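Analysis of the macromolecular model
So the chains spell out like this:
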Amino acid sequence: MVTVTKPLSSTDSPYQSRGLLSTLRRSPLTLLTHLSVIVIVVMWTLPTAGLLISSLRDKEQLAVSGWWTSLSPSTQRLMVRSVPPDAQLEEGGRYVLRGKVSDDQALQVLAFGWSSREPAAYAVGDVAQMRKGQTLSISSNGEYELSSPEPFSGARGKRLFYTAKIPPRFGLDNYREVLTTGGIGQSFINSLTVTIPATVIPILIAAFAAYALSWMAMPGRGLLIALIVGLLVVPLQMSLIPLLRMYNQIGSTFGVDAKSYLGIWLAHTGFGLPLAIYLLRNYIANLPKEIIESARVDGANDFEIFTRIILPLSFPALASFAIFQFLWVWNDLLVATVFLGTGEQQMVLTARLREMLGSYGGNWEVLTASAFVSMAVPLLVFFSLQRYLVRGLLSGSVK
Amino acid sequence: MTGVKLSNIRKSYARNEVLHGIDLEIELGEFVVFVGPSGCGKSTLLRMIAGLESISDGEMYIEGALVNHIPASMRGTAMVFQTYALYPHMTVYDNMAFAMRIAKESKEVIDEKVHQAAELLQLTEYLGRLPKALSGGQRQRVAIGRAIVRSPKVFLFDEPLSNLDAALRVQTRIEIANLKENMPGTTMIYVTHDQVEAMTLADRIVVLSAGKVEQFGSPLELYTNPANLFVARFIGSPAMNILPVVLEQSGPHSLIRFTSGKTLSVPVASELMEEGAELQLGIRSEDLLLSDKLNALLSGEVQFVESLGEMTLIHVKCKESDSIIVAKLVGIIELHKGQTVHLSLMADKVHLFNTEGHSLRYLDQQSCDAGQQAEQPDLVTDNV
Amino acid sequence: MTHLLSSLVIMLLGVAACGFYFVFSNWLLLRIFPVRRVSLQQQAVNIQRAALIRPWLFLAPALGFLGLYLVYPVVESVRLSLFDRGGDAFVGVANYRWLFASEEFQESLLNNLLWLLVVPACSTFLGLVIAAMTDKVRWGNIAKSLVFMPMAISFIGASIIWKFIYEYRGEGSEQIGLLNAVVEYLGGTAQPWITLHFWNNLFLMVILVWIQTGFAMVILSAALRGIPEETVEAAVLDGANGVQIFFKIMIPQIWSTIAVVWTTITITVLKVFDIVLAMTNGQWKTQVLANMMYDWMFRGGGDFGRGAAIAVIIMVAVIPVMIWNIRQANAQMEGR
Ligand SMILES: Nc1ncnc2c1ncn2[C@@H]1O[C@H](COP(=O)(O)OP(=O)(O)OP(=O)(O)O)[C@@H](O)[C@H]1O
Ligand SMILES: [Mg+2]
């Protein structure tokens, strides 16, 4: 499906080389398996890696060359304006403008020219003869000298074209730019404000419900469980229109803003509950019956059993659902666009990204860096708590 | 005062009745063991006493008070489960203190009681540990400790030792016996599969089968005077041998005839029986003796020999019975498969059962008791 | 900074309010049915009454939320789909008539069908193959973790990642999109992939497959490891080769898990709209139902009637899966 044919840099990972060495001695089938797994892993990580590398590159380089070339120096055709005529000096009867095409120390000029039609007409060291007796020379370190028998005139400097070999440049400039100007920083906080309560509230509510549905005697229990399993698959889209109307109505009746954090927390709570109850019930119902009975004989009522026994024992399930819900809410765009405003104070990261995709469609330095900012938290959560996530997934679908 | 009184207790799950009217009167401070085959309702009955299962019908009293509608938390019962059911996230101390904390006891009281119980059960050094850092035996002791600290009226055990290995079982059994001494006012009810546990621990044993009480009596009573075939076969190992016989002559002593034609007079009253009735004769394996051909009542071919050193078990296929007869002989006996042996039996140890499976001796004794209205001296001897 | 603080305060308040409900309702229950300082008989009665009410106290918030945010909207959507754009005038089935006549809808339906066929199949298949392969190598867990990683990335983030891969630069300039660079390297001509009709749909699906394969892999890998070793060993003794063992012995045993994975991904596909919104916004014939509905909700002030009609169609599509799910869950509970 993905059309990458060769793993680009697959030999320097310690796991892979060790795995390969030891399997060389084994059957070719095992070797094939190893190779396929390597190819798969590369295919799955390459897109993200490309984004990460790109976001760290210099924005000019990012726009003109593929990120996979980023480690080798790039040859670029560039244009600068010389210093303005105000800075000209008179030396031996000629007027001279001196300067450097770039501040970059490592830049190496290969060729230059003075017109856009022939931007690389002269090799470094040559002296270009321009019109009206003017001359231009650029040395390989980028220093140029323009001289003319007549004083230079005009407000702006002359256009200089040069071809230079530019070493790879990496830095956090893109991030700095995005975090300070793009409003991403604000959105980051907004996302947190949405996500944390929208994760904690459903857990609390679902845990109580899951306990009731697993261990408390009550009529209609089976029916309620079936209802929850059914609601598990109700598409979110279904709810949006009625809820939006309801929110607007509440907003206008009570004179409050229809789009508020409270509104989105409650919405995420509602949407997350079926999965939460389902996962937690699967876990809580499988806790040893004797422990709960023991607590009951010990005189605890259901509230005490729940808070003192069930909650601490269900920690793994709670954690796994928390991770789910956190990732889901953090990554959600739909609910956020519907229930939150588009103002600075309410725009979450995903919405911001989408907006940027529209307005900065081609500005990859902004897009890549912002995308990575938005991915940083979920990736961190993912890699540090993966164990619980997997456990939760399994308790949800495998008997 | 009775410790626990059950009167016509029934339990149904949906339309399926699993306990069919249980009547029991358990004395205050008595140690009663429930035994019976798997699925007969022992755990169900125990859990009903604890308040963990509702009572479908009948009445239940604990120390005189009707508890049918009293929730588990208020019955003053404590339960020790087979799986220990310790709270895995709490230390040993917290496990023991849990019930008292729920009851809002003061810190000092809790501390004192927990330490007392811990000392009794030699758990003091483990108080700070989590259950997962304890051995099986220690866990079981914590479970017991957790019950002790509550000073329950009724102490319930559901197969508490069945998860322990053999050596630990013996040791913990002794500890439970000590516990019984230490808590004289506490009624204890204990469910087990293990006959040795039942015989050694119990003041009285309840034999249950298919949701009914088969017999309720002291261990020796059950052994020496089983009420019916079921109890006779259930109590004792190897199980009692059963042979079909015919009643030749009824009376205070019965004359019975084996299928081989040989007859025997046994000291079991059978006045009410018709002569010629078919009976089942029960005889324990240790009440069978090797004999010569002439005096033998049973003879057959040895099928299998188990030499255990201090005794020898021989399995004999007798003409007189469809099933294999097992005889327990003292000492080492040189016998091998295929050999023919002759057995006689101790007439005074013979049990006779009628076609309903009731023991004639037991029925006789019951009617005597009823007739005399006199109190039998307690048969329980304290040598257990 | 002040915003950060106020956010924190709101967050704490929100969470505390929720906790407060449970503590307070329990306190109230114990006030109404006290278990201390009353007669023993009264205590017993009170404990029983409280036990009758308590499950409903525990369930009330959950049921409230489910009712308000899921059950009510389903009913209301059906109602709204019979009304006009503002939801005021009854229009009968006009919205549906419009919908079925609309070219956009037909296109969406077709595309959705394509998504439903391709994405669950590809994800499940790839997930299965990768699970089987990674289980065989020692560094399999690391590999799994990396394949699973896209789960953590938002659809919108993934869209940016892949947009960058599909990026097209006019002829003559250097391609910075990986796909076009590879195509050029192999001697082909670079293409503006996401505007290429029909194929663009597949390029969008690739994104979802990329995300969902990890999910399928994790679950199927657990299922594969749950297969009793003996069945495989027996097959080996019977002389089956690796491929035969995989398809004839292992797959049949995890069939129900495969079905679960398949349906879960199917549901995700029906709901997915972020990818289309971010990549093409339904242009170049890539429209899907979910995005179309979103469009109608907001386009020109919104047409709730038509939007709701589309929502109802999505719901109808989900119902079979829902019934299957409930059956499955019931069977599971009985097996317990
Ligand atoms: N919750 C229940 N629903 C339906 N039937 C039940 C339930 N609990 C127990 N039973 C049935 O009641 C009968 C008695 O069960 P119980 O657990 O009391 O047996 P037991 O004597 O303790 O057996 P064991 O020695 O194996 O523990 C069994 O036939 C069992 O199937
Ligand atoms: Mg039992």
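Residues numbered from 1 in each chain as written. Chains lettered and ligands numbered in written order. Predicted model: local features only at pLDDT ≥ 70, side-chain atom pairs only at ≥ 80, totals over all residues. Heavy atoms only, no water.

1. Here's the deal with the sheet that holds strand β5 (residues 65-66) of chain B
All names here are of chain B. This is how it is decided: Strand pairing is assigned whenever DSSP detects at least two bridges linking the two strands. In DSSP terms, a helix is any run of H or I states spanning at least four residues, a strand is any run of E spanning at least two, and both are numbered starting from the N terminus. Contacts: residue pairs with any heavy atoms within 4.5 Å of one another. Note on geometry: axes are C-alpha line fits, over the in-contact stretch for helices, and angles between N-to-C directions span 0 to 180 degrees.
One open sheet holds the 4 strands; their spatial order is β2-β1-β4-β5, and the pairing between them is antiparallel. What marks the edges here is a single partner per strand, and that holds for β2 (16-27) and β5. Direction of pairing for strand β1 (residues 2-13) relative to strand β4 (residues 57-62): antiparallel, over a ladder of 5 bridges. Within β4, the residue paired with L6 across the bridge is M60. Helix α1 (residues 42-50) contacts β1, β2 and β4 of the sheet and is inclined by roughly 120 degrees relative to β1.

2. Some words on the interface of chain A and chain C
Put simply, the rule is: Once two parts are put together, the accessible area they lose, assessed with a 1.4 Å probe and summed over both, is termed the buried area. Any carboxyl oxygen of Asp or Glu that lies within 4 Å of a side-chain nitrogen of Lys or Arg is treated as forming a salt bridge with it. Polar contacts, as used here, are pairs of N or O atoms within 3.5 Å; protein pairs need one atom able to donate a hydrogen and one able to accept it. Residues neighboring in sequence count only if both atoms are side-chain atoms. Charged residues are taken to be Asp, Glu, Lys and Arg, nonpolar residues to be Ala, Val, Leu, Ile, Met, Phe, Trp, Tyr, Cys and Pro, and polar residues to be all remaining types, Gly included.
With 123 residues of chain A at the interface, the matching set in chain C holds 111 residues. When chain A packs against chain C, close to 10,700 Å² is buried across both sides, 78% of that on carbon and sulfur atoms. Three residues, A:W44, A:M238 and A:W364, lead the burial of chain A against chain C; their summed loss comes to 8% of the area buried on that side. One can count 0 salt bridges joining chain A with chain C. Here chain A and chain C share 7 residue pairs in polar contact (both at pLDDT 80 or more) between them. Classifying every residue of the side of chain A that touches chain C by side-chain character gives 85 nonpolar, 31 polar and 7 charged.

3. What to know about the domain arrangement of chain C
Residues and elements named next belong to chain C. Our working definition: Domain start and stop points were drawn from an automatic or database domain assignment.
Taken domain by domain, chain C holds domain 1 (2-80) and domain 2 (94-333). Relative to domain 2, the C-alpha centre of domain 1 lies at a distance of 39 Å. Every contact between the two is made by 4 residues of domain 1 and, on the other side, 5 residues of domain 2. Between domain 1 and domain 2 we count 0 salt bridges in total. On the surface where domain 1 and domain 2 come into contact, there are 0 residue pairs in polar contact (both at pLDDT 80 or more). Looking at the side of domain 1 that touches domain 2 residue by residue, the classes come out as 3 nonpolar, 1 polar and no charged.

4. With respect to the pattern of salt bridges
Applicable threshold: Buried residues are those whose accessible area, probed at 1.4 Å on protein chains only, stays under 20% of the maximum for their type, while exposed residues exceed 50% and partly exposed ones sit between those limits.
A full pass over the atoms with the stated rule returns 15 salt bridges over all chains. Salt-bridge contacts for B:R101 lead to B:D94; the nearest nitrogen and oxygen are separated by 3.1 Å. Taking the relative accessible area as the measure of exposure, B:R101 reaches 35% and is therefore partly exposed. For B:D94, a relative accessible area of 23% corresponds to the partly exposed category. In this structure, B:D194 and B:R169 form a salt bridge, with 3.2 Å as the shortest nitrogen-oxygen distance. One end of the pair, B:D194, is in the loop between β8 (187-191) and α6 (195-201); the other, B:R169, is in helix α5 (residues 166-182), and 25 residues separate them in sequence. Residue classification places B:R169 among the partly exposed positions, given a relative accessible area of 23%. A network of salt bridges, in which partner residues are shared, links A:E293, B:K11, B:R47 and B:E53.

5. Some thoughts on empty space enclosed by the protein
Selection rule: In the cavity and pocket records, a cavity denotes points on a 1 Å grid over the protein atoms alone where a 1.4 Å probe fits but cannot get out, a pocket denotes an open set with protein on both sides within 12 Å along at least 5 of 7 lines, and lining residues are residues with an atom within 4 Å of a point. Grid points are joined across faces, edges and corners, and a volume is the space filled by probe spheres set on the points.
Applying the stated criterion across every chain, the model contains 6 cavities of 30 Å³ or more. If you add up the space inside the largest cavity, you get close to 1,400 Å³. The wall of the largest cavity is formed by 48 residues, among which A:L275, A:F324, C:T264, C:T268 and C:K271 lie closest to the centre. Going through the elements one at a time, α6 (221-231), α7 (236-254), α8 (261-284), α11 (315-331) and α14 (364-397) of chain A together with α8 (199-226), α11 (255-271) and α14 (304-335) of chain C are the ones with two or more residues in the lining of the largest cavity. Residues belonging to the lining of the largest cavity are distributed by class as follows: 31 nonpolar, 14 polar and 3 charged.

6. Some words on the packing of helix α2 (residues 28-56) of chain A against helix α5 (residues 140-148) of chain C
Packed helices, taken two at a time, are described by their axes: the angle between them and the distance between them. The line we're drawing: In what follows, roughly perpendicular refers to angles from 65 to 115 degrees, roughly parallel to angles under 35, roughly antiparallel to angles over 145, and oblique to any angle outside these ranges. Each crossing gets its handedness from the near helix: less than a right angle anticlockwise from the far helix is left-handed, clockwise is right-handed.
Where α2(A) contacts α5(C), the axes come no closer than 8 Å and their chain directions differ by 30 degrees. As far as their axial angle goes, α5(C) and α2(A) are roughly parallel. The interaxial crossing formed by α2(A) with α5(C) has left-handed handedness. Between α2(A) and α5(C), the residues in contact are A:V37, A:I40, A:V41, A:W44 and A:T45 and C:A143, C:L146 and C:V147, respectively. Taken together, the residues of the contact of α2(A) with α5(C) sort by class into 7 nonpolar, 1 polar and no charged.

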